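Single-letter residue listing:
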2 protein chains.
Amino acid sequence: MKSKLLLALIATATVTTAHAQVKVEDAIKWRQSAYATMGWSMSRIKANIDGTYNKDDVIKAANVIQAIANSGMGALYVPGSDKGKGWVDTRVQPALFTDGPKVGKIAGDFNAAANELAKVAATGNAGAVKDAFGKLGGTCKSCHDDYRTKQ
Amino acid sequence: MKSKLLLALIATATVTTAHAQVKVEDAIKWRQSAYATMGWSMSRIKANIDGTYNKDDVIKAANVIQAIANSGMGALYVPGSDKGKGWVDTRVQPALFTDGPKVGKIAGDFNAAANELAKVAATGNAGAVKDAFGKLGGTCKSCHDDYRTKQ
């Protein structure tokens with residue numbers, strides 16, 4: 001009951017914020033877009049790690065990931081958006097909406113890894129970027145494994 | 001002929017970068033995603049301007065726009081991506097690929113406006129954010145008017 005009360009309080013609080021008007025289809029489209037934008041950035045960084053390393057290119061990509069990771073994407077998981085279509089049908093598992101502490105831990109790890117990647121990208125140390133990139137990818141995977149429907 | 005030569009040189013240079021492997025469909029999907037992510041951020045800022053102003057919320061949204069604006073999205077306009085499908089069919093007008101100087105001016109104005117918005121967002125001055133938001137929106141519109149097919 002405690003977690004249900006907490007969810008009810010969060011839901012109530014959400015209604016009072018600027019996010020109150022977000023429609024389910026917009027929320028799903030925006031989160032699909034944000035993940036795809038991070039996917040682009042990850043592919044750019046991987047291409048730099050695997051090929052010729054360009055410091056500025058990696059910084060730009062890492063900054064995009066960092067800004068999105070810290071944007072408060074949780075607000076896009078509006079009630080009712082466990083099903084529905086943005087660009088395409090959402091692949092989110094309903095458990096993401098109820099596994100509060102576990103999801104919070106994954107989200108925190110993801111944010112920390114994104115901040116670390118941006119930090120090391122700024123130094124231009126390709127080895128450190130490779131490590132940070134791997135750690136960030138691990139946090140993506142941990143969420144996909146548990147909360148994204150396989151294709 | 002001069003501009004054709006320049007475009008040829010740019011195209012050649014692109015082939016030698018990490019972006020060489022970007023497929024047309026990925027490029028279109030990623031740029032549609034990046035614009036939609038900025039659209040989400042713009043809607044968040046508008047909601048803050050029109051409703052209760054939350055400084056941190058606006059900073060987060062402005063940082064996303066700034067990072068994407070500075071990410072080098074031009075690399076996603078790969079040869080052949082004047083037509084094709086990402087999430088949906090691209091609405092880009094072929095002229096965007098040939099109006100080099102004009103497109104460059106719009107892109108520069110857009111970047112400057114995005115940087116200014118992030119700068120004033122950090123101060124928490126709602127009036128300055130409203131002005132900067134309006135200017136940024138104007139740069140979006142100028143590109144849409146000339147280079148995006150109407151729906």
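Residues numbered from 1 in each chain as written. Chains lettered and ligands numbered in written order. Predicted model: local features only at pLDDT ≥ 70, side-chain atom pairs only at ≥ 80, totals over all residues. Heavy atoms only, no water.

- In the annotation of an unreviewed UniProt entry, the entry for chain A reads Cytochrome c, and the organism field reads Azonexus hydrophilus.

## Quick word on the nonpolar core
And step 1. By size, the foremost hydrophobic cluster in this structure holds 65 residues, and its most contacted members are Ile45(A), Leu117(A), Ile45(B) and Leu117(B).
And step 2. Elements with a minimum of two residues in this core: α2 (24-50), α3 (55-69), α4 (100-121) and α5 (126-147) of chain A together with α2 (24-50), α3 (55-69), α4 (100-123) and α5 (126-147) of chain B.
And step 3. Of the residues forming this core, the biggest block, nine residues, is contributed by α3(B).
And step 4. What Leu117(B) contacts, discounting residues up to four positions off in sequence, is Ile45(B), Ala62(B), Ile65(B), Val129(B), Ala132(B), Phe133(B) and Leu136(B). (Core = buried A, V, L, I, M, F, W, Y, C linked by side-chain atoms within 4.5 Å. Buried < 20%, exposed > 50% of the residue type's maximum accessible area, 1.4 Å probe, protein only. Helix = DSSP H or I, 4+ residues; strand = E, 2+ residues; numbered from the N terminus. Contact = heavy atoms within 4.5 Å.)

## Here's the deal with the packing of α2(B) against α3(B)
All names here are of chain B.
And step 1. Viewed as axis vectors pointing N to C, α2 and α3 meet at an angle of 150°, and their least axial separation amounts to 9 Å. The orientation of α2 with respect to α3, classified from their angle, is roughly antiparallel. For the pair α2 and α3, the crossing hand works out as left-handed. Along its contact with α2, which presents Ala34, Thr37, Met38, Ser41, Met42, Arg44, Ile45 and Asn48, the element α3 presents Asp57, Val58, Lys60, Ala61, Ala62, Val64, Ile65, Ile68 and Ala69.
And step 2. Its residues assigned to classes, the contact of α2 with α3 comprises 11 nonpolar, three polar and three charged. (Axes fitted to C-alpha atoms, helices over the stretch in contact; angles between N-to-C directions. Parallel < 35°, antiparallel > 145°, perpendicular 65-115°, else oblique. Left-handed = near helix turned anticlockwise from the far one by under 90°. Nonpolar A, V, L, I, M, F, W, Y, C, P; charged D, E, K, R; others polar.)

## Comments concerning the confidence of the model for chain A
And step 1. Scored by pLDDT, chain A comes out at a mean of 90, with 87% of its residues at no less than 70.
And step 2. Every residue in residues 1-19 of chain A scores below 50 in pLDDT, and together they form 10 contacts with partners more than four places removed in sequence or on other chains. (pLDDT = per-residue confidence, 0-100.)

## A short note on the relation of the copies chain B and chain A
The pair of chain copies shares a relation made of a rotation about an axis and a shift along it.
And step 1. The two copies are related by a screw operation: chain B maps onto chain A through 180° of rotation and 0.0 Å of translation along the axis, at an RMSD of 0.0 Å. Put plainly, the chains are arranged around a two-fold axis. Taking C-alpha positions as the reference, the residue of chain B nearest the rotation axis is Ser33(B), at 2.1 Å. (Least-squares fit on C-alpha atoms with pLDDT ≥ 70 in both.)

## Regarding the environment of Arg148(A)
Residues and elements named next belong to chain A.
And step 1. Looking at where arginine 148 falls in the secondary structure, it is placed in the segment after α5.
And step 2. Put simply, arginine 148 and leucine 96 are 52 residues apart on the chain and 8.8 Å apart in space, counted from C-alpha to C-alpha.
And step 3. Discounting chain neighbours no more than four positions away, the residues touching arginine 148 are Arg91, Gln93 and Cys143.

## Remarks on the interface of chain B and chain A
Many descriptions give the size of an interface as the accessible area lost when the pieces come together.
And step 1. The partner chain A presents 27 residues to the 27 residues of chain B that form the contact.
And step 2. Both sides of the chain B and chain A interface together cover about 2200 Å² of buried area, and 72% of this is carbon and sulfur.
And step 3. The largest share of the area that chain B buries against chain A comes from Trp30(B), Trp40(B) and Trp87(B), three residues that together contribute 31% of it.
And step 4. The interface formed by chain B and chain A holds zero salt bridges in total.
And step 5. Counting the contacts that link chain B with chain A gives seven residue pairs in polar contact (both at pLDDT 80 or more).
And step 6. Tallied by class, the residues present in the side of chain B that touches chain A amount to 13 nonpolar, 11 polar and three charged. (Buried area = accessible area lost by both parts, 1.4 Å probe. Salt bridge = Lys/Arg side-chain N within 4 Å of Asp/Glu carboxyl O. Polar contact = N/O pair within 3.5 Å; in protein donor to acceptor, adjacent residues only side chain to side chain.)

## With respect to the packing of α2(A) against α5(A)
Residues and elements named next belong to chain A.
And step 1. Between α2 and α5, the least distance of the axes is 11 Å, while the angle of their chain directions is 145°. As α2 packs across α5, the resulting crossing turns out to be left-handed. Within the contact between the two elements, α2 uses Met42, Ile45, Lys46 and Ile49 and α5 uses Val129, Lys130, Phe133, Leu136 and Gly137.
And step 2. A class-by-class count of the residues in the contact of α2 with α5 yields six nonpolar, one polar and two charged.

## A closer look at α4(A)
Residue and element names in this part refer to chain A.
And step 1. Under the 1.5 Å per step criterion, the end-to-end length of α4 is 31 Å for 22 residues, consistent within 8% with the ideal 32 Å.
And step 2. For α4, the complete set of buried residues consists of Val103, Ile106, Phe110, Ala113, Ala114, Leu117, Ala118, Val120 and Ala121. Down the axis of α4, the buried side of the element spans an arc of 170°, and every buried residue falls inside it. In α4, the exposed positions that point more than 90 degrees away from the buried face belong to Pro101, Lys105 and Lys119.
And step 3. Looking at the buried residues of α4, the elements they touch are α2, α3 and α5. (Expected span 1.5 Å × (residues − 1). Arc of directions from axis to C-beta.)

## Some details on the environment of Ala36(A)
And step 1. Examined against the element boundaries, Ala36(A) turns out to sit in helix α2.
And step 2. Leaving out residues up to four positions away in the same chain, Ala36(A) has contacts with Trp30(B), Ser33(B) and Trp87(B).

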